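Structural overview
Next come the chains, spelled out residue by residue.
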Amino acid sequence: IIGDTLYGMLSEELMERQALHAFKLKLNEVPEGVPDPSEAGFLAPLPQDMASCLAKLGIDNTMGVEEIETIVQTALSSGAFD
């Protein structure tokens with residue numbers, strides 16, 4: 001978790017808080033009155049500080065998990081954010 005001093009703080013220059021975000025939450029049980037069950041859930045855009053952090057690392061929303069993990073691991077091992 002980027003920004004978490006216990007689980008992986010990279011740098012306060014990147015993030016001054018924990019950076020855990022759920023873009024989409026989908027409900028398993030649809031509440032009564034929802035006209036389209038496929039839309040039973042919530043969308044939350046990425047907060048600006050998190051988007052800025054990802055941009056500084058060179059990460060964009062078209063990348064897969066493996067590519068993102070490689071970028072973060074490279075940044076950690078290089079000492080760039082010590």
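Description of the structure in this document. (Residues numbered from 1 in each chain as written. Predicted model: local features only at pLDDT ≥ 70, side-chain atom pairs only at ≥ 80, totals over all residues. Heavy atoms only, no water.)

Secondary structure summary: the protein contains two helices and two strands in total. Along its sequence from the N terminus, the protein presents helices and strands in the succession β-β-α-α. Counting across all 82 residues of the protein, residues that qualify as buried make up 20%. Long-range pairs, those at least 24 residues apart, make up 36% of the contacts in the protein with a sequence separation of at least 6. (Helix = DSSP H or I, 4+ residues; strand = E, 2+ residues; numbered from the N terminus. Buried < 20%, exposed > 50% of the residue type's maximum accessible area, 1.4 Å probe, protein only. Contact = heavy atoms within 4.5 Å.)

Attention now moves to helix 1 (residues 48–57). Here helix 1 has its buried residues at Met-50, Cys-53 and Leu-57. End-on view of helix 1: buried residues confined to an arc of 60 degrees, all on one side of the axis. Helix 1 presents Gln-48, Ala-55 and Lys-56 as exposed residues on the side facing more than 90 degrees away from its buried surface. Along its buried surface, helix 1 packs onto helix 2 (65–78). Positive backbone phi, approximately 80 degrees, marks Gly-58, located one or two places after helix 1. (Arc of directions from axis to C-beta.)

The subject of this paragraph is a nonpolar patch on the surface. On the surface, Leu-25, Leu-27 and Phe-42 cluster together into a nonpolar patch covering about 290 Å² of accessible area. Of note, Phe-42 is situated in strand 2 (residues 41–43). (Patch = residues over 30% accessible without salt bridge, like charges linked within 9 Å, V, L, I, M, F, W, Y side chains within 5 Å. Areas by Shrake-Rupley, 256 points an atom, 1.4 Å probe, with all protein chains shown as cover. Salt bridge = Lys/Arg side-chain N within 4 Å of Asp/Glu carboxyl O.)

On to the environment of Leu-20. Mapped onto the secondary structure, Leu-20 falls in the segment before strand 1 (24–26). Under the relative-accessibility criterion, Leu-20 is labelled exposed at 68%. Put simply, Leu-20 and Met-50 are 30 residues apart on the chain and 8.9 Å apart in space, counted from C-alpha to C-alpha.

With that settled, consider the nonpolar core. Counting residues in each nonpolar core, the largest one holds 10 residues, listed as Leu-14, Met-15, Ala-19, Met-50, Cys-53, Leu-57, Ile-59, Met-63, Val-72 and Ala-75. Among the secondary structure elements, those contributing two or more residues to this core are helix 1 and helix 2. Here this core takes three residues from helix 1, the largest share from any one element. (Core = buried A, V, L, I, M, F, W, Y, C linked by side-chain atoms within 4.5 Å.)

Structurally, Leu-54 is set in helix 1. For Leu-54, a relative accessible area of 25% corresponds to the partly exposed category. When the C-alpha atoms of Leu-54 and Met-15 are compared, they prove to be 9.6 Å apart, with 39 residues separating the residues in sequence. In this structure, Leu-54 is in contact with Leu-46 and Ile-59, ignoring residues within four places of it in sequence.

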